[in-house]
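# Residue-level structure breakdown
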Amino acid sequence: MRRRRPPRRAFVLAMALVMTSSLVACGGDDDDSNSSNEPGAVEVADNVFKPDDVKVKVGDTVTWKWVGDTDHNVTSDEKDLFKSPTQEKGSYEHTFDKAGSFKYTCTIHTGMNGTVTVASL
Ligand SMILES: [Cu+2]
């Protein structure tokens, strides 16, 4: 009975294949989990903006959503930049087309303040 040795060449080739495929397997799978948190969403609660500091980019729209039980408004410190009606329910949007840090307040409630930080593109 004769023993057949595997051809050496095939062995080398097989090793090369194993090494190549393990290298390929190392390329980690990018987990692009889209966060459901909208960056430009602010809740207008009773006497607090949540969060009171949002960061967006030029061209982004910030949406304030009233969630409290009493009247509030969203009024920019910079005159006439943006101003929502005073309301108890609903929402208000403003699109920021320049970079900077924009403070705003609820004119009814002292200390109810927020900031929108707009980054340039
Ligand atoms: Cu208020």
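Scroll up to find the structure.
A brief structural summary.

How each quantity is defined
In this convention, every chain numbers its residues from 1, walking through the sequence in written order. Side-chain atom pairs in this predicted model are given and counted only at pLDDT of 80 or more, local residue features only at pLDDT of at least 70, and totals for whole chains, interfaces and linings cover all residues. Secondary structure is summarised from DSSP: a helix means a run of H or I of at least four residues, a strand means a run of E of at least two, and numbering begins at the N terminus for each. Residues with at least 20 other C-beta atoms within 10 Å of their own are called buried, those with 12 or fewer are called exposed, and the rest are partly exposed. The C-beta atoms themselves are positioned from the backbone. For the purpose of contact definition, each residue receives a C-beta atom placed from its backbone, and two residues are in contact when these atoms lie within 7 Å. By this definition, two strands are paired if DSSP reports at least two bridges between them. In this analysis, axes come from line fits to C-alpha atoms, helices being fitted only over the stretch in contact, and the angle between any two N-to-C directions falls in the range 0 to 180 degrees. Put simply, a nonpolar core is buried Ala, Val, Leu, Ile, Met, Phe, Trp, Tyr and Cys residues tied into one set by C-beta atoms within 7 Å.

So, about the overall build of the protein. Secondary structure assignment for the protein yields one helix and eight strands. Reading the helices (α) and strands (β) of the protein from amino to carboxyl end gives α-β-β-β-β-β-β-β-β. Burial statistics for the protein: of 121 residues in total, 16% are counted as buried. Residue pairs at least 24 apart in sequence account for 50% of intrachain contacts in the protein once pairs closer than 6 positions are excluded.

Bridge count for strand S5 (residues 75-76) against strand S7 (residues 100-105) is two bridges, and the pairing is antiparallel. Bridge assignment links serine 76 to a residue of S7, and that residue is tyrosine 104. Where S7 and strand S8 (residues 113-119) come together, six bridges link them in antiparallel fashion. Bridge pairing links glycine 100 to valine 118 in S8.

Turning our attention to the sheet that holds strand S3 (residues 53-57). Where strands meet in a sheet, backbone hydrogen bonds hold them as pairs that are either parallel or antiparallel. Strand order in the open sheet formed by four strands is S3-S8-S7-S5, and the pairing between neighbours is mixed. The open sheet has two free edges, formed respectively by S3 and S5, since each of these has just one partner strand.

In this section: the sheet that holds strand S2 (residues 48-50). Reading across the sheet, the four strands line up as S2-S1-S4-S6 and stay open at both edges, with mixed pairing between neighbours. Each end of this open sheet is capped by a strand with a single partner; those strands are S2 and strand S6 (91-95). Here the strands of the sheet are splayed against their neighbours by 20° on average, with no regard to which way each runs. With four bridges connecting them, strand S1 (residues 41-45) and strand S4 (residues 61-66) associate as parallel partners. Paired with valine 44 across the two strands is tryptophan 66, which belongs to S4.

Val42, Val44, Val62, Trp64, Val74 and Val116 are the most contacted members of the largest nonpolar core, which totals 14 residues. Among the elements that make up this core, the one with the highest residue count is S4 (three residues). Apart from the residues within four sequence positions on either side, tryptophan 64 is in contact with Val42, Val44, Val74, Ser84, Ser91 and Tyr92.

Attention now goes to the environment of aspartate 77. Relative to the assigned elements, aspartate 77 resides in the loop between S5 and S6. Residues aspartate 77 and cysteine 106 lie 29 residues apart in sequence; the distance between their C-alpha atoms is 9.9 Å. With sequence-adjacent residues up to four places away left out, aspartate 77 is seen in contact with Lys103, Tyr104 and Thr105.

In this structure, the amide linkage connecting lysine 50 to the following residue, proline 51, adopts the cis form with an omega of -10°. When you line up the elements, proline 51 lands in the loop between S2 and S3. The backbone of asparagine 47 shows a phi angle near 70°, a positive value even though the residue is not glycine. Turning to its location among the elements, asparagine 47 is positioned in the loop between S1 and S2.

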